[in-house]
Amino acid sequence: MRRAFDIAFAVAAGLVLAFLLLPILALFIRISPAELLDALWSDVALDALWVSLKTGLIAHFFVLLIGTPAAYFLATKRFRGRGVLITLVELPLVLPPAVAGIALLALFGRRGLLGEQLYALGITVPLTQAAVVMAVTFVAMPFYVRQAIASFETVDPALIDASRTLGASPQRTFWRVALPLSATGLGAGSALAWARGTGEFGATIMFAGSLQGLTQTMPLAIYAQLDLNPDIAIAIGALLVLVSLTVLLSVKLLPSWTRFTSISYISSAPSGSSSS
Amino acid sequence: MRRLAALGAVALLAASCGGDDEGVRGDLEGITVFGAASLTEVFQEIAPNVTFNFAGSDELATQIREGAPADVYAAASPRYPDELFEEGLIEEPQVFATNRLVLIVPADNPAGIESVEDLMADGVKLVVGAEGVPIGDYTRTVLESMGMTDVLENVVSNEEDVKGVVGKITSGAADAGFVYVTDAAAAGDDVEAIELPEEAQAVVQYPIAVVVESENAEAALEFVDLILGEDGREALENAGFGPP
């Protein structure tokens, strides 16, 4: 009886793995490695790689620059409505990307809430590279902020108090105590945000459009090339699989890297490993 | 199960033979029609009970090649139906309608565009169909015969189907776009259409065919006949399509 139970569950595990991994395997088998490399050297693929890298890096810069202090504030301050605020920050996590696209249009479109004034000033956001950066930032930010809040919250308050008692200013305490102790969790959040940003499709195609070399990121290029040149679509897909795998491995391995270099492992391990 | 459904459809068809038009349309419920995006409004009006998949004709062709369960394929260009027919994936296509291109701008026309020449101005945000998508190829043909391909430098987005172009205009994201006259009509007051010179127009033909692998071939043929028949022609004409 118990054996049958075990076997049934093992079969379920096998089915899940097969269902999740076979499509990815099929992607790599569909064309030969030589064709794959050839396709990756095409203008379309290289342009898409460049657009993705550029917009991704700019978006990531904003995510880290604004997201880190915001997360620290939300993690350490106690005030009314804090829970509501944190929930609101997380909302884009569960929001369908198409909703993000139409929402960004509703704000920055020519007839949008802010767009009308911006347009009067001669600034148009939709269908520009800035729009790609905004779409990516919008969907990736919550991944980082959420993880960063969790990481800052796991820093032992006694250590913060000790730092303050020893005469360190709040700034110094943030830079020298809170930030290093949360580094693992922040790194994991950063990697997840990068992965989500790289995969962004729905909001981008609605808000930024699709123009090779300007707004056509890798996922958009896959969509555009599927009919024209499937080899290129597959090659970009394969490349994105490798990027995702790298992100995943770095998230998994981060805690063990820092184990020997920082005492933070003990306090930040739960957040780091719960995300993996 | 599928066989049962097919049998059921055949039985229903037999039962309705000689019935009125409403009855014929009701029987089409079980079929799936892959239609060019520009056919969205008119096909839904002609046969509200049919399951539709509207997208760029090129994307639909790819889906049919990959074995998507389509019963009928109706495209905005003979290019893909001809390819699929040669590959033995669809029956011989028949042209059921024609169309022509117009330039559309948002109702408030922020860039002040009155003609194709105005698209040359710096900073104009032009949206067109991507290459390989019928509307995109027609747009390039028209611009070539006008000697105006330079305006393509102002393109800010290549859309995967004509409705993508319409959406970028109605949402106010772009200043102008090339679409079919029927899409301009369907978008109503949200857009203003600017006619293109008659001599520069591309030949836009809509072929339709039953998919060879259709499990519902009789109902599929019924749908094709409906589109080619008087009711279909009348609805197409009302929507602004030209005769084949």
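So, a few notes on the structure that sits alongside this text. (Residues numbered from 1 in each chain as written. Chains lettered and ligands numbered in written order. Predicted model: local features only at pLDDT ≥ 70, side-chain atom pairs only at ≥ 80, totals over all residues.)

**Focus on the overall build of chain B**
Regarding its fold elements, chain B presents ten helices and ten strands. Residue burial in chain B is summarised as follows: out of 244 residues, 50% are buried. (Helix = DSSP H or I, 4+ residues; strand = E, 2+ residues; numbered from the N terminus. Buried ≥ 20, exposed ≤ 12 C-beta atoms within 10 Å, placed from the backbone.)

**Here's the deal with the overall build of chain A**
Within chain A one finds 13 helices and zero strands. Helices and strands in chain A line up, N terminus first, as α-α-α-α-α-α-α-α-α-α-α-α-α. Each principal axis of the C-alpha distribution contributes one length, and for chain A these read about 70 × 65 × 35 Å. Burial status across chain A gives 40% buried among its 276 residues. In chain A, the share of contacts with a sequence separation of at least 24, taken over all contacts with a separation of at least 6, comes to 77%. (Contact = placed C-beta atoms within 7 Å.)

**Digging into helix 4 (residues 82-94) of chain A**
When the terminal C-alpha atoms of helix 4 of chain A are compared, their 19 Å separation across 13 residues agrees well with the 18 Å that a helix rising 1.5 Å per residue should span. At Leu88(A), helix 4 of chain A shows its largest bend, some 25°, and a proline, Pro92(A), comes one to four positions later. (Expected span 1.5 Å × (residues − 1). Bend = angle between axes of the 7 residues up to and from the residue.)

**Thoughts on unusual backbone geometry**
You will see that Leu127(A), though not glycine, has its phi angle at about 65°, which is positive. Mapped onto the elements, Leu127(A) comes out in the loop between helix 6 (115-120) and helix 7 (129-153). Despite not being glycine, Asn109(B) has its phi angle at roughly 40°, a positive value. Looking at the element boundaries, Asn109(B) is found in the loop between strand 5 (101-106) and strand 6 (126-129). By C-beta crowding, Asn109(B) is classed as partly exposed, having 16 other C-beta atoms within 10 Å.

**Quick word on the packing of helix 4 (residues 57-65) of chain B against helix 5 (residues 79-86) of chain B**
Residue and element names in this part refer to chain B. The contact between helix 4 and helix 5 brings their axes to 9 Å, and the two run at 15°. Regarding the angle of helix 4 to helix 5, the classification is roughly parallel. The crossing of helix 4 and helix 5 is right-handed. Residues Ser57, Asp58, Ala61 and Ile64 of helix 4 form the contact with helix 5, whose own contacting residues are Tyr80, Glu83 and Leu84. Split by residue class, the contact of helix 4 with helix 5 holds four nonpolar, one polar and two charged. (Axes fitted to C-alpha atoms, helices over the stretch in contact; angles between N-to-C directions. Parallel < 35°, antiparallel > 145°, perpendicular 65-115°, else oblique. Left-handed = near helix turned anticlockwise from the far one by under 90°. Nonpolar A, V, L, I, M, F, W, Y, C, P; charged D, E, K, R; others polar.)

**Concerning the interface of chain A and chain B**
Tallying the contact residues gives 16 residues for chain A and 18 residues for chain B. When residues in the side of chain A that touches chain B are grouped by element, the largest group, five residues, is from helix 11 (residues 218-228) of chain A. Broken down by class, the residue content of the side of chain A that touches chain B amounts to eight nonpolar, five polar and three charged.

**Focus on the sheet that holds strand 2 (residues 51-55) of chain B**
All names here are of chain B. Read from one edge to the other, the open sheet built from five strands follows the order 2-1-3-10-4, with strand pairing classed as mixed. In this open sheet, the two edge strands, each paired with only one partner strand, are strand 2 and strand 4 (94-99). Along the sheet, successive strands turn relative to each other by an average axial angle of 15°, direction set aside. Where strand 4 lies against strand 10 (residues 204-210), five bridges are found, and the strand directions are antiparallel. By the bridge assignment for strand 10, Ala97 is matched with Tyr206. (Pairing = 2+ DSSP bridges.)

**A few points about the sheet that holds strand 9 (residues 191-195) of chain B**
Residue and element names in this part refer to chain B. One open sheet accounts for five strands, arranged 7-6-8-5-9; its pairing is mixed. Strands at the two margins of the open sheet, each flanked by one partner only, are strand 7 (155-159) and strand 9. If you compare each strand with its neighbour and ignore which way they point, the axes differ by 35° on average. With five bridges joining them, strand 5 and strand 9 adopt antiparallel strand pairing. Considered in strand 9, the bridge of Val102 is made with Glu195. Sheet strands in contact with helix 6 (residues 134-146) are strand 5, strand 6, strand 7 and strand 8 (176-180), and its direction is about 115° off that of strand 6. Against the sheet, helix 7 (residues 162-170) engages strand 5, strand 6, strand 7, strand 8 and strand 9, with an angle of about 140° to strand 8.

**Points about the environment of Thr141(B)**
You can see Thr141(B) is positioned in helix 6. With 62 residues separating them in the primary sequence, Thr141(B) and Val203(B) have C-alpha atoms 9.6 Å apart.

**So, helix 7 of chain B**
Residues and elements named next belong to chain B. The element helix 7 is largely enclosed, with a buried count of seven among its nine residues. Along helix 7, the positions that sit buried rather than exposed are Val162, Lys163, Gly164, Val165, Val166, Lys168 and Ile169. Of the residues flanking the end of helix 7, it is Gly172, one or two places downstream, whose phi is positive at about 80°.

**A word on the nonpolar core**
Within soluble globular proteins, side chains that are nonpolar tend to cluster in buried spots. Within the largest apolar cluster, 139 residues are counted, with the highest numbers of intra-cluster contacts made by Ala135(A), Val72(B), Tyr73(B), Leu126(B), Val179(B) and Phe223(B). For this core, the leading source of residues is helix 7 of chain A, giving 17 residues. What Val72(B) contacts, discounting residues up to four positions off in sequence, is Ile31(B), Val33(B), Phe34(B), Ile208(B), Val210(B), Val211(B), Ala220(B), Phe223(B) and Val224(B). (Core = buried A, V, L, I, M, F, W, Y, C linked by C-beta atoms within 7 Å.)

**Observations concerning the packing of helix 8 (residues 157-165) of chain A against helix 9 (residues 170-199) of chain A**
All names here are of chain A. Where helix 8 meets helix 9, the closest approach of the two axes is 10 Å, and the angle between their N-to-C directions is 160°. One finds that helix 8 runs roughly antiparallel with respect to helix 9. Helix-helix and strand crossings are classified by hand; for helix 8 and helix 9 the assignment is right-handed. Every residue of helix 9 that contacts helix 8 at Leu159, Ile160, Ser163 and Arg164 is listed here: Thr173, Val177, Ala178 and Leu181. Per-class residue counts for the contact of helix 8 with helix 9 are five nonpolar, two polar and one charged.

**Quick word on the pairing of strand 7 of chain B**
Residue and element names in this part refer to chain B. Of all five residues making up strand 7, five are buried, and the element is well covered by its neighbours. When strand 6 meets strand 7, the two strands line up parallel, connected through four bridges. What sits directly across from Val128, in strand 7, is Asn158.

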